[in-house]
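Observations on the three-dimensional arrangement
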Amino acid sequence: MVTKHRSVCPLDCPDTCGLTVAIDDNTITSVTGDKAHPITNGVICHKARKFPERVHHPARLKYPLKRIGAKGDHSFERISWDEAYNLIVEKFTSIIDLHGAESILPYSFYGNMGLLNSDGMDRRYFHRLGASHLDRTICNSAASAGYKYTMGFPVGIDPEETVHAKLIIVWGCNLFSTNMHQVLYFNQARKNGAKIVVIDVHQNRTAKWADWFIQLKPGTDTALALGMMNVLISHNLVNYDFVNQFTTGFDELQKESERYTPEYVSAITGVSEEDIMKLAKLYGNTTPSFIRIGNGLQHHENGGMMIRTITCLPALTGQWGIRGGGALKGNGSFYQYNMEKLQRPDLRPSPNVRTVNMNQIGDALIHEDPPIFGLFVYNSNPAQVAPDQTKVRKGLVRDDLFTVVHDLFLTDTCKYADLVLPATSHFENLDLYKSYWHLYLQLNEPIMQPYFESKSNFTLFKELAHRMGFTGPEFQITEEEMLREALDHKNSPFLSGITYERLQKEKIIKLSIPEASTFPHTIPTPSGKIELYSERMKLHGLPPVPTYIPIQESDKFKLQFISGPNHQFINSTFSNLDELKKMEGKPLLYLHPNEASQRELLDGETVTVYNDLGSIAMTLKITEEILPGMALTQGLWWDDPEHSISSVNFLTSQRLSDMGGGATFFSAWVEVRKMF
Ligand SMILES: Nc1nc2c(c(=O)[nH]1)N[C@H]1C(S)=C(S)[C@@H](COP(=O)(O)OP(=O)(O)OC[C@H]3O[C@@H](n4cnc5c(=O)[nH]c(N)nc54)[C@H](O)[C@@H]3O)O[C@H]1N2
Ligand SMILES: Nc1nc2c(c(=O)[nH]1)N[C@H]1C(S)=C(S)[C@@H](COP(=O)(O)OP(=O)(O)OC[C@H]3O[C@@H](n4cnc5c(=O)[nH]c(N)nc54)[C@H](O)[C@@H]3O)O[C@H]1N2
Ligand code: SF4
Ligand SMILES: [Mo]
């Protein structure tokens, strides 16, 4: 008999949609949108509709597997959980005895965004073990640091309010693919008369939907924002009442912005002087105006500064506090769980453990001293998503590295594992979901039995802790008890009134965000003002006022290579689903006609894309969607030697961004030639 159930999309996507799941005999037959969901309103994307295929995929892992061939070979044999646990305990114990616990490193991200399955028992286990700490910087950390310098707290406005905006700037955000419900809100705003401007380096789906698409050279956004400031100031479009009351450092900013004349900025960005003037005047003359800041920008080596600078704009025209005005990069920080209670950093035998930046896992596996001898990967696929794959793979293939991977599928990372453990899907687990865009907390209850012998991250790390002899009460608790601990945050005004009982009953609860806690009523910077000048940045060795610092160019490689997400996958998740792969086509290298003809390359031919770090094959797409001087591709495709597909991250470097230790995926330089 078919039954219908409520669920939550667990993917690393801002929308965190409500799902309606039809199940027949422990088999999911369909996934559609939950019409009762207050913000996603029954609308979901293509990817989530394919959950039945993903969950019941013939290649889904059913049992623990042990490597029997060479690393990288994909040859495994089935073993029992008992054998798997015994092997981990034996290996980890011997690594700790010989080299110390810091020789073990967890590697995880948000393949499942659930609180229990990404931030809970796993953290307790590795803390208690004394393992090295992983700095989880691969996604948003430069933006978060940049935003905080200006605003003190990395949150924006409630996206439901964006329908009231009259001018919308989508800045480096491919909404159509990556945050579809924001498009629906913006469409409503547009019906109410709003104009939509998209600022991007690629004329993608989102750019085509805009009223006005402004295309600029990659990595030059700080200059564009400063150019806007220059015009706002010179044309008396600054809201001085707001600036005087709520900001600090206007004089310093004014001084710095003087040199960013439209002429100067045009030469840097490639945007015409007229367009810079027009954009600034439109921004200065429209209230409420709203800026949706994307993640793409801050994957540049000057990305933190871009976000820091763009975040100054709403203050100059006094947009904060006006319904529909302001900005939004992310709202995840509103969900102030009790992380100390959840993760228990106090369990660490020593507070000063080694920290490894996850963007530099390649170097860490090869050069760290003392070396890493034990690696535990879950919720992530570093052999696809981490930069500088030549080094990542060189590290992963080390014979003296003991690697465990917990996943639902035999990913590229699993190829290098000694032990592969089967993970449940989120349909099989209890969990709590926040969104990094909207403000609704959602409880997800299990709606099916675990698939064969798969286990959730929570269960895996709890059982492993017991096997390691960790007997403390922190390893005895149930999932529900852990959620209660996370919700028990006396100092979080936003979670006030949200209890486990209420979540059980209501499933979806909006955070309570008192107006007094929003900008500009609360600005938790050191000065209590929006910091156009930041003393902290100076202390940290950064320019204290917004300053354009160009991306370091390469002498040898002339094309700036942008490798962002695609429409049909979520990072590398789903790139093993045939139907979605078919819809996406194949990995394409976009090149402007001028660049193609200079190299005598033809549309549709296979080309080699290369730099000093590596080289991959791709199919050429000649297009005017991107500017000359660039090369662009979309999607993290699993390796497929038969079709000559390998990770784009063979071409990206481990260099870190200007702040926050962020990744610099998009500040890569390549050259392209015919494939011989
Ligand atoms: N379909 C789909 N959805 C996803 C994901 C996915 O893989 N696929 N991934 C999820 C994750 S983890 C994240 S973090 C978000 C990311 O989603 P977004 O916030 O949309 O970020 P990106 O898609 O990385 O980049 C956004 C845009 O930045 C542009 N860009 C690159 N460099 C520059 C620049 O220098 N200046 C400007 N102005 N634009 C630039 C790119 O062309 C791209 O259109 O999406 C999430 N949602
Ligand atoms: N070149 C380039 N590289 C990028 C990006 C880019 O734009 N360009 N984007 C970057 C960004 S923003 C991000 S966020 C990262 C994302 O990097 P990752 O977080 O590594 O994302 P995925 O590739 O989706 O891998 C997640 C894995 O978790 C598994 N998984 C799902 N649920 C569970 C579970 O409950 N338990 C366990 N154990 N596993 C589970 C999935 O099957 C999948 O294999 O990639 C980064 N890499
Ligand atoms: S991937 Fe994003 S848009 Fe698609 S269902 Fe999940 S949360 Fe919604
Ligand atoms: Mo991300």
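Being a predicted model, the structure only gives us computed values, none of them experimental.

Around ligand 1, a shell composed of 32 residues is seen, among which Asp200, Gly219, Asp221, Phe569 and Asn571 lie nearest. Starting from 910 Å² of accessible surface for ligand 1 in isolation, the protein chains cover 95%. Among the residues making up the shell around ligand 1, the classes are represented as 14 nonpolar, 14 polar and 4 charged. Taken together, domain 3 (142-329 + 519-539) and domain 4 (559-674) each give at least three residues to the shell around ligand 1, which thus spans both.

This next bit is on helix 22 (residues 479-487). If you check which residues of helix 22 are buried, you get Met482, Leu483, Ala486 and Leu487. Viewed end-on, helix 22 has its buried residues packed into an arc of 140°, placing them on one side of the element.

The next subject is the sheet that holds strand 12 (residues 289-293). On the basis of which strands lie adjacent, the open sheet formed by 5 strands has the order 10-9-8-12-13 and parallel pairing. Two strands lie at the open edges of the sheet, namely strand 10 (212-215) and strand 13 (326-328), each paired on one side alone. Taking the axes of each pair of neighbouring strands and ignoring which way they run, one obtains an average angle of 15° across the sheet.

On to unusual backbone geometry. Following Asp369, the chain continues into Pro370 via a peptide bond in cis, with omega recorded as 0°. Among the structural elements, Pro370 can be located in the loop between helix 18 (361-367) and strand 15 (374-378). Omega for the peptide link from Phe519 to Pro520 comes to 0°, which places this bond in the cis form. Residue position: Pro520 is located in the loop between strand 20 (508-510) and strand 21 (530-531). We note that Asn379 has phi near 60°; this positive angle belongs to a residue other than glycine. Note on placement: Asn379 falls in the loop between strand 15 and helix 19 (382-385). Owing to a relative accessible area of 13%, Asn379 belongs among the buried residues under this scheme. Positioned with a positive phi, Asp388 is a non-glycine residue whose angle comes to about 60°. Its place among the elements puts Asp388 in the loop between helix 19 and helix 20 (389-396).

Analysis parameters
- Residues numbered from 1 in each chain as written.
- Chains lettered and ligands numbered in written order.
- Predicted model: local features only at pLDDT ≥ 70, side-chain atom pairs only at ≥ 80, totals over all residues.
- Heavy atoms only, no water.
- Near = heavy atom within 4 Å.
- Areas by Shrake-Rupley, 256 points an atom, 1.4 Å probe, with all protein chains shown as cover.
- Nonpolar A, V, L, I, M, F, W, Y, C, P; charged D, E, K, R; others polar.
- Domains from an automatic or database assignment.
- Buried < 20%, exposed > 50% of the residue type's maximum accessible area, 1.4 Å probe, protein only.
- Helix = DSSP H or I, 4+ residues; strand = E, 2+ residues; numbered from the N terminus.
- Arc of directions from axis to C-beta.
- Pairing = 2+ DSSP bridges.
- Axes fitted to C-alpha atoms, helices over the stretch in contact; angles between N-to-C directions.

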